[in-house]
There are 2 protein chains.
Amino acid sequence: MDAKNTISQMRRGILEFCIVSLLADQEIYTAELISRLKAANLIVTDGTLYPLLNRLQKTELLQYRWEESDSGPPRKYYSLTEAGADYLQALETAWQDITESVHSILRGNNSE
Amino acid sequence: MDAKNTISQMRRGILEFCIVSLLADQEIYTAELISRLKAANLIVTDGTLYPLLNRLQKTELLQYRWEESDSGPPRKYYSLTEAGADYLQALETAWQDITESVHSILRGNNSE
DNA sequence: ACATGCTACCTTGTTATGCAAGGTACTGTG
DNA sequence: CACAGTACCTTGCATAACAAGGTAGCATGT
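A quick note: this is a predicted structure, and the numbers were derived from the prediction, not measured.

Despite not being glycine, E60 of chain A has its phi angle at roughly 65°, a positive value. Along the polypeptide, E60 of chain A turns up in the loop between α4 (46-58) and β1 (62-69). Judged by its relative accessible area of 59%, E60 of chain A is exposed. Of note, N41 of chain B is a non-glycine position whose phi angle comes to about 70°, a positive value. Turning to its location among the elements, N41 of chain B is positioned in the loop between α3 (30-39) and α4 (46-58). For N41 of chain B, a relative accessible area of 63% puts it in the exposed group.

Quick look at the structure:
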């Protein structure tokens, strides 16, 4: 239970990074995002994603367009704005910095 | 400001992982932990660390002993308990899983 | 003896995120 | 026209990092 907690917490922010990455090259709607993330072992509920997507759209990092579906109500297909593409680059840099920090700590621990 | 926010959020949980890693082989007290983390580009304030260390100690993942200092009040030197060592292993696995998830998303994005 | 500064430990209030649970609305089917 | 399925969204909770502020031990200088 303790480990589970921190392992969830490790995902904070990373989820946003993954979503922005997935939207880099394609328009995706929410349910598809969820199954993409699930395929990468990142289990998320729609109650997590909708607020996140709305927040990113309100800050103009994401945009969407409605598209009708063959099997139900219309869907919001999201994509990156230009600012969103810049943001993705910043997140990629941040991710590299963090992994490097973690690795330097793991390395430092064994050698020192 | 937006990017800064998520980049901070990316560190959630990772900080705990780093601390447990640093304590794997040595006894360290708080100020030393902070400078070790700073050396790895993970800036943290003591207001973040003290609650974290107390929490880990209350859940019996960390233990401490008092040691007097030449230049001021005594210090709490922390180290891992046996449960803490197991916890570290769980965190290492979780970290590997997460980095793999992120990489699979980054890769998948370029190829698909 | 005492004031001052430094170090170390700790607490409180704020903000933000992920999640569970619950709710609304559109679409197709019998 | 009821019903199931899909898609979108909101509310309340728990947790973590942080800023700011507080207490107390120790050394130094007068």
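After that view, the rundown keeps rolling.
Time to look at the protein's contact with DNA strand D. Taken together, 30 residues sit near DNA strand D, with Y29, Y50, R75 and K76 of chain A together with R12 of chain B positioned nearest. At the protein interface, 66% of the atoms of DNA strand D within 4 Å belong to sugar or phosphate. One of the side-chain N or O atoms of R12 of chain A is found 3.4 Å from a base oxygen in DNA strand D. R11 of chain B is positioned such that a nitrogen or oxygen atom in its side chain is 3.4 Å from a phosphate oxygen of DNA strand D. For the surface near DNA strand D, the secondary structure elements donating two or more residues are α3 (30-39), α4 and β2 (72-80) of chain A together with α4 and β2 (72-80) of chain B. With five residues, α4 of chain A is the largest single contributor of residues to the surface near DNA strand D. For the surface near DNA strand D, the per-class residue count stands at 12 nonpolar, 10 polar and eight charged.

Evaluated as defined, the whole model comprises nine aromatic pairs over all chains. Here the aromatic rings of W95 of chain A and W95 of chain B are separated by 6.0 Å at their centres, their planes lie at 35°, and the arrangement is tilted. Taken as a pair, W95 of chain A in helix α5 (residues 82-111) and W95 of chain B in helix α5 (residues 82-111) lie in two separate chains rather than in one. Its relative accessible area of 3% is what places W95 of chain A among the buried residues. Between Y29 of chain B and Y77 of chain B, the ring centres sit 5.3 Å apart and the planes meet at 50°, which makes this aromatic pair tilted. Of this pair, Y29 of chain B sits in the loop between α2 (14-22) and α3 while Y77 of chain B sits in strand β2, and the two are 48 residues apart along the sequence. For Y29 of chain B, a relative accessible area of 18% corresponds to the buried category. Overall, the relative accessible area of 11% leaves Y77 of chain B in the buried class. Through a chain of ring-to-ring contacts, three or more aromatic side chains come together here, namely F17 and W95 of chain A together with F17 and W95 of chain B. The side chain of K76 of chain A reaches across the aromatic face of Y64 of chain A, ending 4.2 Å from its centre.

Residues and elements named next belong to chain B. On the secondary structure map, T81 appears in the loop between β2 and α5. On the accessibility criterion, T81 (17% relative accessible area) is buried. Only 2.7 Å separates the side chain of T81 from the backbone oxygen of E60, close enough to count as a polar contact. With residues near it in sequence (within four places) discarded, T81 still touches E60, L61, L62 and Q63.

Residue and element names in this part refer to chain A. Mapped onto the fold, L49 is located in helix α4. For L49, a relative accessible area of 0% corresponds to the buried category. Residues L49 and I19 lie 30 residues apart in sequence; the distance between their C-alpha atoms is 9.2 Å. Setting aside chain neighbours within four positions, we find L49 in contact with I19, T30, L33, I34, L37 and V44.

Conventions we followed
Residues numbered from 1 in each chain as written. Chains lettered and ligands numbered in written order. Predicted model: local features only at pLDDT ≥ 70, side-chain atom pairs only at ≥ 80, totals over all residues. Heavy atoms only, no water. Helix = DSSP H or I, 4+ residues; strand = E, 2+ residues; numbered from the N terminus. Buried < 20%, exposed > 50% of the residue type's maximum accessible area, 1.4 Å probe, protein only. Near = heavy atom within 4 Å. Polar contact = N/O pair within 3.5 Å; in protein donor to acceptor, adjacent residues only side chain to side chain. Nonpolar A, V, L, I, M, F, W, Y, C, P; charged D, E, K, R; others polar. Phe/Tyr/Trp six-rings, centres within 6.5 Å; stacked < 30°, edge-to-face > 60°. Lys NZ or Arg CZ within 6 Å of the ring centre and 35° of its normal. Contact = heavy atoms within 4.5 Å.

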